[in-house]
Amino acid sequence: MQFVFPAAPTAAVTISGGALQTSWFDIFDWPIGVSARDDRDGLLRSTRGLLEIVAGLEAEGVPADKIVIGGFSQGGAVTLLACHRYPKTLAGCVCLSGWLTLKEEWAGARVKDNATPVFWGHGEADPVVLPEQVAAGSEVLNAQGPDIKLDARMYPMGHSSHPSEMSDVSDFL
């Protein structure tokens, strides 16, 4: 078993007045609701970096169907996009307190047949990434077709983790 934990780069973040902080992509709106704007370039850059790591693992001999990608908050958002864009079915995708980005690219168009199972855990009282993101994102994901295996669950928490959520992630894995 191998774990790889890539760190987000340091970048200027608009909602922080342009301050440098660890961030996978820029954030323009706060809180992050369904109308939040996406940093397309930043999202695609981070997604490419994540997919390069996955491709590198495959090159080392790890089969795609044994690789799980996961992330929290921004990392969860990048994870959903990366799993969707990877040309092979992965063992799993874990999005915790994240959201679906670039929705216009997903709606009505399938990037590929993708049977990668997705676990999406989110807090019912999340003040950062609003809970409405789960219903909106789930609708878009489920519209991708019958290959999508989405397990979206809400937990009694804010923008954090919950013991039941961690147990459910363990069961998913």
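Everything that follows concerns the structure shown earlier in this document.
Bear in mind the structure is a predicted one, so any value in this text is a computation, not a measurement.

Let us look at empty space enclosed by the protein. This structure, assessed with the given rule, holds 2 cavities of 30 Å³ or more. In this model, the second largest cavity occupies a volume close to 50 Å³. Of the residues assigned to the lining of the second largest cavity, the class counts are 5 nonpolar, no polar and 5 charged.

The next point concerns the pairing of strand S3 (residues 68-72). Here S3 shows one buried face, formed by Ile69 and Gly71, and one open face, formed by Val68, Gly70 and Phe72. When S3 meets strand S4 (residues 92-96), the two strands line up parallel, connected through 5 bridges. Its bridge partner being in S4, Phe72 is matched across the sheet by Leu96.

At a minimum axis distance of 9 Å, the contact between helix H1 (residues 40-59) and helix H2 (residues 74-85) shows a crossing angle of 60°. Note on packing geometry: the crossing formed by H1 with H2 is right-handed. Facing Leu43, Leu44, Ser46, Thr47, Leu50 and Leu51 of H1, the residues of H2 in contact are Val78, Thr79, Leu81, Ala82 and Arg85.

Moving on, we get to the pairing of strand S1 (residues 10-13). Bridge count between S1 and strand S2 (residues 19-22): 4 bridges; the pairing is antiparallel. Counterpart to Ala11 in the pairing with S2 is Gln21. Connecting S1 to the next strand, S2, in antiparallel fashion are 5 residues, including Gly17 with a positive phi near 70°.

This paragraph deals with the pattern of salt bridges. As enumerated under the stated definition, the model contains 4 salt bridges in all. Its salt-bridge partner being Arg153, residue Asp151 comes within 2.9 Å of it at the nearest N-O pair. By relative accessible area, which is 33% here, Arg153 ends up partly exposed. Here Arg153 ties to Asp168 by a salt bridge, and the two come within 3.1 Å at their closest N and O atoms.

So, about the nonpolar core. Counting 35 residues, the largest nonpolar core has Phe25, Ile69, Leu80, Leu90, Leu100 and Trp120 as its most contacted members. Looking at this core, the elements that each hand over two or more residues are H1, H2, S4, strand S5 (117-123) and helix H4 (132-142). The residues touching Leu80, leaving out its near neighbours within four places in the chain, are Cys93, Cys95, Trp99, Leu100, Trp106, Val118, Trp120 and Leu141. The next biggest cluster of nonpolar side chains, apart from the first, holds 6 residues, and it includes Val94, Phe119, Tyr155 and Met157.

Spanning 12 residues, H2 covers 17 Å between terminal C-alpha atoms, matching the ideal 16 Å at 1.5 Å per step. Within H2 the residues assigned to the buried category are Gln74, Gly75, Gly76, Ala77, Val78, Thr79, Leu80, Leu81, Ala82, Cys83 and His84.

Quick look at a nonpolar patch on the surface now. A grouping of Met1, Phe3 and Phe5 is seen on the molecular surface, where their side chains present a nonpolar patch of about 520 Å² in accessible area. With respect to the secondary-structure elements, Met1 resides in the segment before S1.

A word on the side chain of Ser46. Inspection of the secondary structure puts Ser46 in helix H1. What makes Ser46 buried here is its relative accessible area of 8%. Excluding residues that lie within four positions of it along the chain, Ser46 makes contacts with Trp24 and Val78.

Let us now look at the packing of aromatic side chains. According to the stated counting rule, one finds 3 aromatic pairs in the structure shown. An angle of 70° between the planes, with centres 5.7 Å apart, marks the rings of Phe25 and Trp99 as edge-to-face. With a gap of 74 residues between them, Phe25 in the loop between S2 and H1 and Trp99 in the loop between S4 and helix H3 (103-106) connect regions that are remote in the sequence. Trp99 gets classed as buried once you look at its relative accessible area, which sits at 4%. With centroids separated by 5.7 Å and ring planes inclined at 45°, the aromatic side chains of Phe119 and Phe172 adopt a geometry described as tilted. One end of the pair, Phe119, is in strand S5; the other, Phe172, is in helix H5 (residues 163-172), and 53 residues separate them in sequence.

The rules behind these values
Residues numbered from 1 in each chain as written. Predicted model: local features only at pLDDT ≥ 70, side-chain atom pairs only at ≥ 80, totals over all residues. Heavy atoms only, no water. 1 Å grid on protein atoms, 1.4 Å probe; cavity = no way out; pocket = protein on both sides within 12 Å on 5 of 7 lines; lining within 4 Å. Points joined across faces, edges and corners; volume = space filled by probe spheres on them. Nonpolar A, V, L, I, M, F, W, Y, C, P; charged D, E, K, R; others polar. Buried < 20%, exposed > 50% of the residue type's maximum accessible area, 1.4 Å probe, protein only. Helix = DSSP H or I, 4+ residues; strand = E, 2+ residues; numbered from the N terminus. Pairing = 2+ DSSP bridges. Axes fitted to C-alpha atoms, helices over the stretch in contact; angles between N-to-C directions. Left-handed = near helix turned anticlockwise from the far one by under 90°. Contact = heavy atoms within 4.5 Å. Salt bridge = Lys/Arg side-chain N within 4 Å of Asp/Glu carboxyl O. Core = buried A, V, L, I, M, F, W, Y, C linked by side-chain atoms within 4.5 Å. Expected span 1.5 Å × (residues − 1). Patch = residues over 30% accessible without salt bridge, like charges linked within 9 Å, V, L, I, M, F, W, Y side chains within 5 Å. Areas by Shrake-Rupley, 256 points an atom, 1.4 Å probe, with all protein chains shown as cover. Phe/Tyr/Trp six-rings, centres within 6.5 Å; stacked < 30°, edge-to-face > 60°.

Distances and angles like these do not, on their own, reveal function.
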